[in-house]
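# Analysis of the macromolecular model
Read off the chains here:
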Amino acid sequence: MFRPKTRYVALPSPRAGVGEEIDRLKCPKCDTSLEPARLTTALGVCYRCGYHFRLRAPERIAMLVEPGSFHEEDQQITATDALGFKDSQPYSKRIEQSRASTGVNEAVTWGEATLAGHPLVIVCLDFAFMGGSMGAATGEKITNGIERALHNRVPLLIISASGGARMQEGMLSLMQMAKTAAALGRLGAAGVPYISLLTDPTMGGVTASFASLADVILAEPGAMIGFAGARVIQQATYETLPEGFQTAEFLWQHGMIDLVVPRPELPAVLRQLLDLYIKNGVAKDFELQPRANASAPTPAVRG
Amino acid sequence: MTDNGSIAAATWEQVELARHPDRPYALDYIHAIFGNFFELHGDRLFGDDHAIIGGPAALDHRTVMVIAQQKGRTTAERAMRNFGMANPEGYRKALRLIRQAERFQFPIVAFVDTSGAFPGAGAEERGIAWAIAENLVALAQARIPIVTLVLGEGGSGGALGIGVGDRLLMMEHSIYSVAMPEACASILWRDIARKVEAAQALKLTAADLKRMGLADEIVPEPPGGAQHDYGMAADAAGAALRRQLATLEAVAVDRLLENRYQRYRRIGAT
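Residue positions within a chain follow its written sequence, with the count starting from 1. Ligands are numbered from 1 and chains lettered from A, in the order in which they are written. This being a predicted model, a pLDDT of at least 70 is required before a residue's local features are given, and a value of 80 or more before pairs of side-chain atoms are given or counted; all residues contribute to the totals for chains, interfaces and linings.

## Some remarks on helix H3 (residues 57–64) of chain A
- For every residue, the other C-beta atoms within 10 Å of its own C-beta are counted; 20 or more classify it as buried, 12 or fewer as exposed, and values in between as partly exposed. C-beta atoms are placed from the backbone. Numbering of helices and strands runs from the N terminus; a helix is a DSSP stretch of H or I covering at least four residues, while a strand is a stretch of E covering at least two. Of all eight residues that make up H3 of chain A, six are buried, and the element is covered over most of its length.
- Within H3 of chain A, burial applies to Ala-57, Pro-58, Glu-59, Arg-60, Ile-61 and Leu-64 of chain A.

## Considering the packing of helix H6 (residues 170–189) of chain A against helix H6 (residues 128–141) of chain B
- It is at 8 Å that the axes of H6 of chain A and H6 of chain B come closest, and there the two elements cross at 70°. With respect to each other, H6 of chain A and H6 of chain B are oriented roughly perpendicular. Considering how the two elements wind past one another, H6 of chain A and H6 of chain B form a crossing that is right-handed. For the pair H6 of chain A and H6 of chain B, contact is made by Met-177, Ala-178, Ala-181, Ala-182, Leu-184 and Gly-185 of chain A and by Ala-133, Leu-136, Val-137, Ala-140 and Gln-141 of chain B, respectively.
- Classification convention: Asp, Glu, Lys, Arg as charged; Ala, Val, Leu, Ile, Met, Phe, Trp, Tyr, Cys, Pro as nonpolar; all other residues, Gly among them, as polar. Along the lines of polarity and charge, the residues of the contact of H6 of chain A with H6 of chain B split into nine nonpolar, two polar and no charged. To get an axis, fit a line to the C-alpha atoms, keeping to the stretch in contact for a helix; angles then go from 0 to 180 degrees between the N-to-C directions. Reported orientations rely on four angle classes, namely roughly parallel under 35 degrees, roughly antiparallel over 145, roughly perpendicular from 65 to 115, and oblique for the rest. Handedness of a crossing is defined here by the sense of rotation of the near helix relative to the far one, left-handed for an anticlockwise turn of less than a right angle and right-handed for a clockwise turn. We call two residues in contact when their backbone-placed C-beta atoms lie within 7 Å.

## Here's the deal with helix H5 (residues 136–152) of chain A
All names here are of chain A.
- Given a rise of 1.5 Å per residue, 17 residues ought to cover 24 Å, and the 24 Å separating the end C-alpha atoms of H5 matches this to within 8%.
- Most of H5 is tucked away: 13 of the 17 residues are buried.
- Among the residues trailing H5, Arg-153 stands out with phi positive, at a value near 55°. Given a helix with a known number of residues, its expected span is that number minus one, times 1.5 Å.

## Quick look at the interface of chain A and chain B
- Residue-level contacts link 52 residues of chain A with 48 residues of chain B.
- Mapped by element, the contributors of at least two residues to the side of chain A that touches chain B are H5, H6, helix H7 (204–207), helix H8 (230–237) and helix H11 (291–294) of chain A.
- Looking at the side of chain A that touches chain B, the element that brings in the most residues is H6 of chain A, giving 14 residues.
- For the side of chain A that touches chain B, the residue count by class is 30 nonpolar, 16 polar and six charged.

## Concerning the packing of helix H2 (residues 26–33) of chain B against helix H11 (residues 230–249) of chain B
Residue and element names in this part refer to chain B.
- It is the contact of H2 with H11, at a shortest axis distance of 9 Å, that shows an interaxial angle of 70°. By the angle between their directions, the pair H2 and H11 is classed as roughly perpendicular. Handedness of the crossing formed by H2 with H11: right-handed. Between H2, through Asp-28, Tyr-29, Ala-32 and Ile-33, and H11, the contact on the second element is made entirely by Tyr-230, Gly-231, Ala-234, Ala-237, Gly-238 and Leu-241.
- A class-by-class count of the residues in the contact of H2 with H11 yields seven nonpolar, two polar and one charged.

## Some thoughts on the pairing of strand S5 (residues 167–171) of chain B
Residues and elements named next belong to chain B.
- Of all five residues making up S5, five are buried, and the element is well covered by its neighbours.
- Residue alternation in S5 divides its side chains into two sets, Arg-167, Leu-169 and Met-171 and Leu-168 and Met-170, and both sets are buried.
- Pairing analysis gives four bridges linking strand S4 (residues 146–155) to S5, with the strands arranged parallel. Its bridge partner lying in S5, Leu-149 is registered against Leu-169.
- Strand pairing follows a simple DSSP-based rule, namely that at least 2 bridges must link the two strands. For S5 and strand S7 (residues 217–219), the ladder comprises three bridges, and the chain directions are parallel. Bridge pairing links Met-171 to Val-219 in S7.

Written as structure tokens, this is what we have:
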């Protein structure tokens, strides 16, 4: 499946030691041996071929927001084994191991921050924690972030990196799709802008809920994005999948995302979007307009 | 308590019953419960998906909007219905019906019966995830009562794509899961043969969902399963739908929507 160890890169961040320490690493795409210091300067983008390494949530956030502006919320919230789930090992043990190896309590980190002078809520998934999968606690933190953006009337930025719903929490995971979507429905109805950034990989129930429900959808080059995995599709249909299937570029061609943005250009793109959407989107005295007023039950009489 | 192996075997029996080829499908229930069902076709964007059907139908004094996943009975029909696995067009047709139901103030009755959304290259190209996500929002916000009944299999996001509402009912031998046991076994155990263990671990039976507070009501089936007596199964389903709709129709719409929001909001809340 995934080879996280070779794909993460440690960037300078206020939380040293969180990223993987690798002396010398190979680019999975062009096989070049990369110098960590140079790779770090390049924001985790291969300086030979442009391959975007995966980032941990704290590094990602530190890379985007104004220094010192990020205030993390819900840091203590962590997964619980509500089902008593056990595969090759108990889920409770997996949670413990993930917490120990990643240094975070869940697959998502969120808080308030400032970006290009604009206050916003930033929510960032972390693929290193159980494949960024969405369990009940993950969905809870994401929904808290969405509700904070609604409450503060500040834009929302969600950065996704996830294999989808977390199997080990069964239906409680699946229902987080409905929960996050319902919260985003309220955010959208209130005219608060939401920008979604899809990074490698964004799949399954995450793509089919909050990640694709944004006003503007951005993606990093080469990111794998989709619903069903390529292997599942091939097993089910025996189809020959086209070159570049489910990459960010492929989805852009099919009209599913607005822009593929190389990592170094992200701050400028986000600044441009925030400048545009905040002036027109969130007025200071904006009143919540329930959809009731727009679609009052007047029986339509046609023709 | 019995040992783990026999619990797993009993759970697997439920999975097989939920998938029983003679089990009544959505159209069997629709024709038994409703009058005057008029099937609407097409998503007005690309095509018509026969894995998701729907349209207005009469239930006592009112018109309801039926949205349902339909499996096929014969080989030809199975192919036509794509084994109940919808493409984006199916979800977008459902969206069209949700909007229409809201406009005419028809309550929605949704019948879930799918192993999942269709895993195909075309489905990905046409944004299956986008289509499902949009329905989650539309259903969360639709200003009409919505009752969902799982008939057989409730599989993953493909089920949820027509499955958000005010009440979740499950036929006694139906299942509802974040992933089908085969998929779960292949992901977590890397061995599809572990599907029986996976089924047990996932807590996917109607009784499991009721216990977790996710399902509101279990609709009793005839002894041995709904395949033994379609009429009896449909009568029980019809009675449950009528009762739940009557309760929901008495609730002011703003309250109804707030209750629906909280229904999902509390799942996994700390």
